[in-house]
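Observations on the three-dimensional arrangement
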Amino acid sequence: MRAHYPLQSLIGSGEEITSAAKAVAARFDLGRVRHVAPLSGAGRRNALIETESDAWVLRVGTDPANLGNSSRGLATGLDVLRRERYFAAAIRDRAQLPSPWPYEIDAACDLLPRPYAVMPRLPGTTLWWSEDQDWEAVGVALAETALALHRPAWPAAGNWDPATNDITPFDQNAGSRCRARIADLIERIAITSEPLDDESRTWVADQATITDSAPADHASLIHGDLVIGNVCMVRSDRTWSVTGVFDLENARIGDPEEDLVGHLWWACYGGRPEAAASFVRRYNQERPISPRILVYLIASMLDNWEFGRRNQEPWYGGARTFGEWARPLYAAAAQALTHLS
């Protein structure tokens with residue numbers, strides 16, 4: 001199935017991509033280009049540029065119509081790149097984690113048809129669930145990264161504002177924001193050819209209950225899609241460590257528990273529940289996880305269902321309804337949480 005907004009559809013054939021990459025390399029003094037190749041992920045908007053001295057990533061701005069839930073409302077693909085640059089700097093400076101920096105943006109649209117960014121390629125490799133790895137160790141490494149992101153406190157939860165290039169506080173608490181997010185997703189699914197069936201709607205309503213008795217008391221920088229596909233890792237003996245965090249278009253300041261659920265259910269989806277269990281166990285040692293994580297879990301899976309169905313992604317096997325697909329994953333993720341002490 002053809003991916004949405006592939007790099008080839010924006011620039012052209014392999015030769016045209018190479019020609020564009022050479023022009024970009026000349027503009028930013030990256031050195032003589034030796035190799036260019038499209039990269040998977042991120043809507044296939046990225047290309048690897050290898051020069052005589054280093055490796056770089058060319059990232060073409062996205063169409064705002066296909067942004068994740070937290071990025072909706074950004075006016076242009078340029079704003080998405082600016083948002084990523086803001087959080088790449090924040091991750092480097094405040095969390096002291098490797099991020100794609102320097103993050104250079106070109107909005108002239110003379111070399112490419114959309115604004116684009118150029119950044120160093122982060123060291124390490126990106127894993128996938130089909131690989132034979134020590135998945136417990138991978139889960140621990142990702143938990144260490146989540147903790148590093150979440151330790152620095154921010155004054156208030158909020159979203160990046162393109163007008164100020166800074167964080168504008170939300171006008172709702174975490175519970176209200178999550179309820180509004182779920183309601184918005186249900187409404188957007190309702191206008192498609194496959195609205196939520198009654199059983200799925202009832203199940204979501206039953207699970208998605210947030211009480212204000214245990215609100216989030218710590219605003220953190222959250223990645224927004226903290227999964228193994230958005231980090232680089234290296235292995236030393238039996239220990240894995242994260243060597244870079246990227247794909248920041250959904251980053252914001254919010255409840256750190258929002259950042260845990262992506263890996264939690266994706267690990268179960270990938271058949272690696274041990275990576276989910278070790279992740280939450282290590283994270284909980286430093287930051288106890290609250291029951292509200294289960295509501296974020298529902299919201300995350302519902303967001304994926306809306307995006308995947310809208311773009312006809314082949315992620316759901318033979319599942320005919322959201323409940324049919326999500327219930328087993330929810331149960332597996334909840335099982336990982338039951339082992340917390």
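Everything below is about the structure printed above this text.
First, a word on scope: everything that follows refers to the structure included in this document. (Residues numbered from 1 in each chain as written. Predicted model: local features only at pLDDT ≥ 70, side-chain atom pairs only at ≥ 80, totals over all residues. Heavy atoms only, no water.)

The next subject is the environment of A89. With respect to the helices and strands, the residue A89 is situated in helix α3 (residues 77-95). Each C-alpha atom, one on A89 and one on Y103, is 8.4 Å from the other, the two residues being 14 residues apart in sequence. (Helix = DSSP H or I, 4+ residues; strand = E, 2+ residues; numbered from the N terminus.)

By the element assignment, N46 lies in strand β2 (residues 46-51). A polar side-chain atom of N46 sits 3.2 Å from a polar atom in the side chain of R59. (Polar contact = N/O pair within 3.5 Å; in protein donor to acceptor, adjacent residues only side chain to side chain.)

Here strand β5 (residues 116-120) lies mainly inside the structure; five of its five residues are buried. Pairing of strand β3 (residues 55-60) with β5, which is carried by five bridges, proceeds in the antiparallel orientation. By the bridge assignment, V57 is partnered in β5 with M119. Inspection of the sheet shows strand β4 (residues 104-106) paired to β5 by three bridges, in the antiparallel sense. Counted as the bridge partner of I105 is A117 from β5. (Buried < 20%, exposed > 50% of the residue type's maximum accessible area, 1.4 Å probe, protein only. Pairing = 2+ DSSP bridges.)

For the rest of this paragraph, the subject is the pattern of salt bridges. Where charged atoms from two side chains of opposite charge come close, those side chains can pair. Under the definition given, this model contains 20 salt bridges. In this structure, E84 and R59 form a salt bridge, with 2.8 Å as the shortest nitrogen-oxygen distance. Separated by 25 residues along the polypeptide, E84 in helix α3 and R59 in strand β3 bring together distant segments of the chain. Side by side, E84 and R59 carry an identical accessibility label, which is buried. Across the pair R151 and E286 runs a salt bridge whose closest N-O atoms are separated by 2.6 Å. (Salt bridge = Lys/Arg side-chain N within 4 Å of Asp/Glu carboxyl O.)

This part is about the environment of A275. Here A275 lies in helix α8 (residues 273-286). Residue classification places A275 among the buried positions, given a relative accessible area of 0%. Put simply, A275 and L264 are 11 residues apart on the chain and 8.1 Å apart in space, counted from C-alpha to C-alpha. Dropping the residues within four chain positions of it, A275 is found in contact with W129, W135, G139, H263 and A267. (Contact = heavy atoms within 4.5 Å.)

Glancing now at the nonpolar core. Ranked by size, the top nonpolar core spans 79 residues in total, and within it F87, I182, M301, F322 and W325 carry the most contacts. Counting residues per element, this core draws most heavily on helix α4 (residues 135-150), at 10 residues. If sequence neighbours within four positions are ignored, M301 has contacts with W265, F322, W325, A326, L329 and Y330. Within the second largest apolar cluster, 16 residues are counted, among which are A20, V36, V60 and V118. (Core = buried A, V, L, I, M, F, W, Y, C linked by side-chain atoms within 4.5 Å.)

We now examine the pairing of strand β10 (residues 239-245). For β10, the buried fraction is high: five of the seven residues fall into the buried class. In terms of strand pairing, strand β9 (residues 231-236) meets β10 through six bridges, oriented antiparallel. Each residue of the ladder has a partner; that of V234, found in β10, is S241. The hairpin formed by β9 and β10 contains two residues between the paired strands, and D237 there has a positive phi angle of roughly 55°.

For the rest of this paragraph, the subject is the packing of aromatic side chains. Taken as a whole and judged by the stated rule, the model has 19 aromatic pairs. Taking the centre distance of 6.2 Å and the plane angle of 65° together, the rings of W315 and Y316 count as edge-to-face. A relative accessible area of 23% places W315 in the partly exposed class. Here R94 stacks its cationic end above the ring of W154, 4.1 Å away from the centre of that ring. (Phe/Tyr/Trp six-rings, centres within 6.5 Å; stacked < 30°, edge-to-face > 60°. Lys NZ or Arg CZ within 6 Å of the ring centre and 35° of its normal.)

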